[in-house]
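Overview (structure and organization)
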Amino acid sequence: MFQTAPVNFAHPFFQMSFADLPLNETEAAGVPLAFKIPEPNVLFYRGSILLFAREKEGKAIKFEFNILRSEKFMPAEGQGNFTQEIRHDIDKGGGRIDEKMTVSPNGAVIKFFKGEHRSELGKFDVTEYRRTPVFPDHPVKVGDSWTYEEDLSIKIRSFWIKQKKPSAKKIITQATLKGFTTAAGRRIAVILTESQDKSL
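Residues numbered from 1 in each chain as written. Predicted model: local features only at pLDDT ≥ 70, side-chain atom pairs only at ≥ 80, totals over all residues. Heavy atoms only, no water.

As a further point, take the overall build of the protein chain. Across its full length, the protein chain carries one helix and 10 strands. Secondary structure elements of the protein chain, listed N to C terminal, follow the sequence β-α-β-β-β-β-β-β-β-β-β. Within the protein chain, the proportion of its 200 residues that are buried is 34%. When contacts within the protein chain are restricted to residue pairs at least 6 apart in sequence, those whose partners lie at least 24 apart make up 50%. A total of about 13,000 Å² of accessible surface is found on the protein chain, and carbon and sulfur atoms cover 52% of it. (Helix = DSSP H or I, 4+ residues; strand = E, 2+ residues; numbered from the N terminus. Buried < 20%, exposed > 50% of the residue type's maximum accessible area, 1.4 Å probe, protein only. Contact = heavy atoms within 4.5 Å. Areas by Shrake-Rupley, 256 points an atom, 1.4 Å probe, with all protein chains shown as cover.)

See below:
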């Protein structure tokens, strides 16, 4: 089931296909970005996860998983705030990831409830999680970039990863507004994010 392979991540942005639309007057002037509860309030996605473990001299054990992700959004206390329940079902090993948090319209995590991962890779529990605002507090134009940070502690029980105490991590993400396109009949922003995982 597992294979050793050269460590190589194909950049997901180059696998995407979308029509880059001409900017309208509002977009050219700059648009505010914010999260809101979608209608309907449950969304489904399909995607894939690529992991490498026990890297040595450019090669590592390679894991690939297909996932079905569902997100449920519910109103929470505070203007525009919402509670988000996320579930990932993994096609191999009957794996599953569950998350629950309350989020502000700018993407900051107000309250973290849980983060659990169960799969053939092992058991992972997020014991703490904080996230700064995902979106800036001002309108942005195409080409503008900004950053946000995530801080978390993870308790791992796995054959593949040996851990003496919960791991503290900081993830720094740079986001860039690349343009606008359409999906499901709606005009949407295309945002490219690139993250760096900083173990503390």
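Now, onward.
Let's shift gears to the side chain of Asp 125. Turning to its location among the elements, Asp 125 is positioned in strand β7 (residues 122–131). If near-sequence neighbours (up to four positions away) are discounted, Asp 125 is found in contact with Gly 115, Glu 116, Arg 118, Ser 153, Ile 154, Lys 155 and Arg 157.

Moving on, we come to the environment of Ala 183. On the secondary structure map, Ala 183 appears in strand β9 (residues 167–183). In this structure, the C-alpha to C-alpha distance between Ala 183 and Ala 19, residues 164 residues apart in sequence, is 9.8 Å.

This part takes up the nonpolar core. The biggest cluster of nonpolar side chains holds 12 residues, and these are Phe 73, Phe 82, Met 101, Val 103, Val 109, Phe 112, Phe 124, Tyr 129, Leu 152, Ile 154, Ile 156 and Ile 171. Counting residues per element, the ones that place at least two in this core are β5 (96–103), β6 (109–119), β7 and β8 (145–157). A per-element tally of this core places β8 first, with three residues. Setting aside residues up to four positions removed in sequence, Leu 152 forms contacts with Val 126, Glu 128, Tyr 129, Ser 167, Ala 168, Lys 169 and Ile 171. Counting residues in each nonpolar core, the second largest holds 10 residues, with Val 134, Phe 135, Tyr 148 and Leu 177 among its members. (Core = buried A, V, L, I, M, F, W, Y, C linked by side-chain atoms within 4.5 Å.)

Before going further, it helps to examine the pattern of salt bridges. Considering all chains together, one arrives at 10 salt bridges under this definition. Notably, a salt bridge pairs Lys 169 with Asp 197, separated by 3.9 Å at the nearest N-O pair. Of this pair, Lys 169 sits in strand β9 while Asp 197 is found in strand β10 (residues 186–199), placing the two residues 28 residues apart along the sequence. Here the residues in one salt-bridge network are Glu 149, Asp 151 and Lys 170, joined through shared partners. (Salt bridge = Lys/Arg side-chain N within 4 Å of Asp/Glu carboxyl O.)

In this section: the pairing of β8. Bridge count between β7 and β8: eight bridges; the pairing is antiparallel. Considered in β8, the bridge of Glu 128 is made with Ser 153. As judged from the 10 bridges shared by β8 and β9, these two strands associate in the antiparallel manner. Pairing of Glu 150 across the sheet is with Ile 171, part of β9. (Pairing = 2+ DSSP bridges.)

Moving on, we get to the packing of aromatic side chains. On inspection of all chains with the given rule, the structure shows three aromatic pairs. Lying across the ring of Phe 113, Lys 100 places its NZ or CZ 5.0 Å from the centre. (Phe/Tyr/Trp six-rings, centres within 6.5 Å; stacked < 30°, edge-to-face > 60°. Lys NZ or Arg CZ within 6 Å of the ring centre and 35° of its normal.)

For the rest of this paragraph, the subject is the environment of Asp 125. Under the relative-accessibility criterion, Asp 125 is labelled buried at 15%. It is 8.4 Å that separates the C-alpha atoms of Asp 125 and Ser 153, two residues lying 28 residues apart in sequence. For Asp 125, the side chain forms a polar contact with the side chain of Arg 118, separated by 3.0 Å. (Polar contact = N/O pair within 3.5 Å; in protein donor to acceptor, adjacent residues only side chain to side chain.)

Time to look at unusual backbone geometry. Here the residue pair Glu 39 and Pro 40 is connected by a cis peptide bond, since its omega of -5° sits within 30 degrees of zero. Within the fold, Pro 40 resides in the loop between α1 (25–29) and β2 (42–56).

Tracing the backbone shows Lys 114 in strand β6. Residue classification places Lys 114 among the partly exposed positions, given a relative accessible area of 34%. Sequence separation between Lys 114 and Glu 128 is 14 residues; the distance between their C-alpha atoms is 8.4 Å. When neighbours within four sequence positions are excluded, Lys 114 is seen to be in contact with Asp 98, Glu 99 and Lys 100.

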